[in-house]
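Coordinates in review
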Amino acid sequence: MGRKPAVYADYNATSPLRTSARAAMLAALEVDGNPSSIHSFGRGARRSIADARTAILTALGVPSYRLIFTSGATEALSILLRPQVGPAGKGAGGSSHLLMLATEHVAALGGHGFPNATTLPVATSGRIDEAAFEAALQGLPDDARPLVCVHGANNETGVLQPLAEIRQRTHEAGGLLVCDLVQWAGRLLIPNPAPDAFVVSAHKLGGPSGVGALVYDPQRVDLGEALIRGGGQERGARAGTENRIGIVGFGAAVSEATAMIAAEAPRVRALRDHFEAALAEQHPEARVFGAEAERLPNTSCVALPGKTASTMLMQLDLDGIAISSGAACSSGKVTASHVLSAMGVAPELAAGALRISFGWASTDEDCDRLVAAFARLA
Ligand code: PLP
C-alpha cells in the first residue's frame, strides 16, 4: 500500500491540533450566537469566551493579568510595540525608546510602530549580550521610558533568554519588559514573576491558527488607544466579532499543554538529545547552533558543512520527513537566517541550517526514522 505517514518534526512552525482543542471546537460549532447579543445565544457565546479567558490566564499562572484575544501573535505584537504603550498611571503616556533583541521574530522586528529601534546584540551562544544591554540602558536619557522587547525562546534555535535578569534591569531603568512567549508557552512554565506583557499564539501549542493573545499586567502597563477600533469588543481594546470557535480551541489547548509540561518536556528532550547524539556519530562535522545555551527541550538547529538546506530538505521530504530550514514563517522563500547571522554564524554554514522541532505527538519511532533519514543524507 501507500507510503508510511510522514514524520512531522516542525512543531515550531505549527503544532498538530491537540485532541482537547479539536473536541472543544467541535462542541462549540454546535451552538450559535454572537457574543455581543443580549439574548440567551449571545450570553452562551459570551460565557464560552469568558471561560476560555479565565482558563488561559489561570493555566499561564497570571490570574491578575488582562488578556486580549487577537488574530495571532503578530497582531498582539503590533498592538504592544507602539510608542503609546507605556507604564500605567504615570500620566506622561507612552514609551520613549524601543530596545529589541537582534534575534526577535520578524513579527516584532518588522511589525513595531516606533520610528526607530535600538537593536540589542546577542553573544555567539544566542543569549543576550548583557554588557551591550547595560550600555544601551546607560545611554538612555534620564527621563527615558524604554520598552524592552525580548523573546523568551527563539523559534529557530530554541535558545532561552534570561528573562528574570532582563526584567529586573528593565524595571531599574524605569522601563517595561514585553516578551514574545510564542515558542515558550505550553512548553515551559511562564516565568514567575512574569514579564509586564507578553504574547502567545494558539497554533504553536496545539490550538488552531488565526488566534492568539496579548496578556498584560494592568497595574504596570497602559496600552493607550486601541489599534483596531470599532465595535468596542474586548473592553474596547480590540474591535471585531470574536473568533469564538478559535478562542474555545485556544483555551482547551493552553490548558492541556500546560498540564502536560511536566511529562512532555522531558519526553521530547530525550527525543531531541537522542537525535543530536546520533547526528554527531553519523556526521562528526555537524554543528548544533545554540547548544552552549539553555534551550527549549524540543528544538534542534543543525548544519552539515558543505550541504545546503534546500537540497537536504528535498531529500528528507522524499524520505517522509517534514522539518524546516531556519524560520518557516512565510515559507517557500529560503533567505539567510538573521538569527544565525546575529550569532556570528558564517553565511555558508547558515545556508545549510535545518530546524528539527518535536512536540506532543512525536514518538520514539518518529525519532528513529529521522535519525535513519539523516544517516542517508549523502
Ligand atoms: N513569534 C514567534 C517566535 C513565532 O515563532 C511566530 C510564528 O512563527 C510568531 C511570533 C507569529 O505568530 P502568529 O503566527 O500567531 O502570528
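Described below are features of the structure shown in this document. (Residues numbered from 1 in each chain as written. Predicted model: local features only at pLDDT ≥ 70, side-chain atom pairs only at ≥ 80, totals over all residues. Heavy atoms only, no water.)

1. Some remarks on the sheet that holds strand 9 (residues 212-216)
- Spatial strand order, 2-9-8-7-6-4-5: seven strands in an open sheet with mixed pairing. Single-partner strands in this sheet number two, and they are strand 2 (66-70) and strand 5 (118-120). Between one strand and the next, the sheet's axes are offset by a mean angle of 20°, whatever the strand orientation.
- Pairing analysis gives five bridges linking strand 8 (residues 197-201) to strand 9, with the strands arranged antiparallel. From the neighbouring strand, Ser-201 faces strand 9, where its bridge partner is Gly-212. (Pairing = 2+ DSSP bridges. Helix = DSSP H or I, 4+ residues; strand = E, 2+ residues; numbered from the N terminus. Axes fitted to C-alpha atoms, helices over the stretch in contact; angles between N-to-C directions.)

2. Looking at the environment of Gly-212
- Here Gly-212 shows up in strand 9.
- With relative accessibility at 0%, the residue Gly-212 sits in the buried group.
- Separated by 145 residues in the primary sequence, Gly-212 and Ser-357 place their C-alpha atoms 21 Å from one another.
- With near-sequence residues (within four places) excluded, Gly-212 lies in contact with Ile-68, Phe-69, Thr-70, Ser-71, Gly-72, Val-200, Ser-201, Ala-202 and Phe-250. (Buried < 20%, exposed > 50% of the residue type's maximum accessible area, 1.4 Å probe, protein only. Contact = heavy atoms within 4.5 Å.)

3. Quick word on the packing of helix 2 (residues 40-60) against helix 7 (residues 244-282)
- Where helix 2 contacts helix 7, the axes come no closer than 9 Å and their chain directions differ by 25°. Considering the angle they form, helix 2 stands roughly parallel to helix 7. Judged by the twist between their axes, the crossing of helix 2 over helix 7 is left-handed. Of the residues in helix 7, those in contact with Ala-45, Ser-48, Ile-49, Ala-52, Ala-55, Ile-56, Ala-59 and Leu-60 of helix 2 are Arg-244, Ile-247, Val-248, Phe-250, Gly-251, Val-254, Ser-255 and Thr-258. (Parallel < 35°, antiparallel > 145°, perpendicular 65-115°, else oblique. Left-handed = near helix turned anticlockwise from the far one by under 90°.)

4. Let's talk about the sheet that holds strand 12 (residues 299-303)
- The three strands are arranged 11-12-14 in an open sheet whose pairing can be described as antiparallel. Looking at strand neighbours, the two that pair on one side only are strand 11 (287-288) and strand 14 (354-357), the edges of this open sheet.
- Against the sheet, helix 7 contacts strand 11, strand 12 and strand 14, and its axis sits at roughly 15° relative to strand 12.

5. Here's the deal with the side chain of Thr-258
- Position of Thr-258 among the secondary structure elements: in helix 7.
- Accessibility expressed as a relative area gives 17% for Thr-258, which makes it buried.
- Discounting residues that sit within four places of it in the chain, Thr-258 has contacts with Ala-59 and Leu-189.

6. Description of the pattern of salt bridges
- For the structure shown, the criterion picks out 13 salt bridges.
- With a shortest N-O distance of 3.8 Å, Glu-130 and Arg-127 are connected by a salt bridge.
- A salt bridge links Glu-172 to Arg-169; the shortest N-O distance between them is 2.7 Å. Within this pair, Glu-172 and its partner Arg-169 are both found in helix 6 (residues 163-172), separated by three residues, close to a single helical turn.
- Each of Arg-18, Glu-256 and Glu-264 takes part in one network of salt bridges that share partners. (Salt bridge = Lys/Arg side-chain N within 4 Å of Asp/Glu carboxyl O.)

7. Some thoughts on the site of the ligand
- For the ligand, the set of nearby residues contains 12 residues, the closest of which are Ala-73, Thr-74, Asp-180, Ser-201 and Lys-204.
- The side chain of His-203 places a nitrogen or oxygen atom 3.0 Å from an oxygen atom of the ligand.
- Here the ligand, which alone exposes 390 Å², has 90% of that area covered by the protein.
- Looking at side-chain class alone, the shell around the ligand contains three nonpolar, seven polar and two charged residues. (Near = heavy atom within 4 Å. Polar contact = N/O pair within 3.5 Å; in protein donor to acceptor, adjacent residues only side chain to side chain. Areas by Shrake-Rupley, 256 points an atom, 1.4 Å probe, with all protein chains shown as cover. Nonpolar A, V, L, I, M, F, W, Y, C, P; charged D, E, K, R; others polar.)

8. Topic: helix 3 (residues 73-80)
- Of all eight residues that make up helix 3, six are buried, and the element is covered over most of its length.
- Three or more residues of helix 3 are buried, namely Ala-73, Glu-75, Ala-76, Leu-77, Ile-79 and Leu-80.
- Of the surrounding elements, those touching the buried residues of helix 3 are strand 2, helix 4 (106-109), strand 6 (146-149), strand 7 (176-180), strand 8 and strand 9.

9. What to know about the packing of aromatic side chains
- Overall, the coordinates contain four aromatic pairs when judged by the stated rule.
- Consider the rings of Phe-69 and Phe-250, whose centres lie 6.1 Å apart with planes at 70°: the pair is edge-to-face. With Phe-69 in strand 2 and Phe-250 in helix 7, the pair connects residues that are 181 residues apart, well separated along the chain. The exposure classification of Phe-69 matches that of Phe-250, with both residues buried. (Phe/Tyr/Trp six-rings, centres within 6.5 Å; stacked < 30°, edge-to-face > 60°.)

10. A look at the nonpolar core
- Ranked by internal contacts, the top residues of the largest apolar core, which has 57 residues, are Leu-60, Phe-198, Val-215, Phe-250 and Phe-289.
- Not counting the four nearest positions on each side in its chain, Phe-289 is found in contact with Thr-157, Arg-295, Cys-301, Val-302, Ala-303, Leu-340, Met-343, Val-345, Leu-349 and Ala-353. (Core = buried A, V, L, I, M, F, W, Y, C linked by side-chain atoms within 4.5 Å.)

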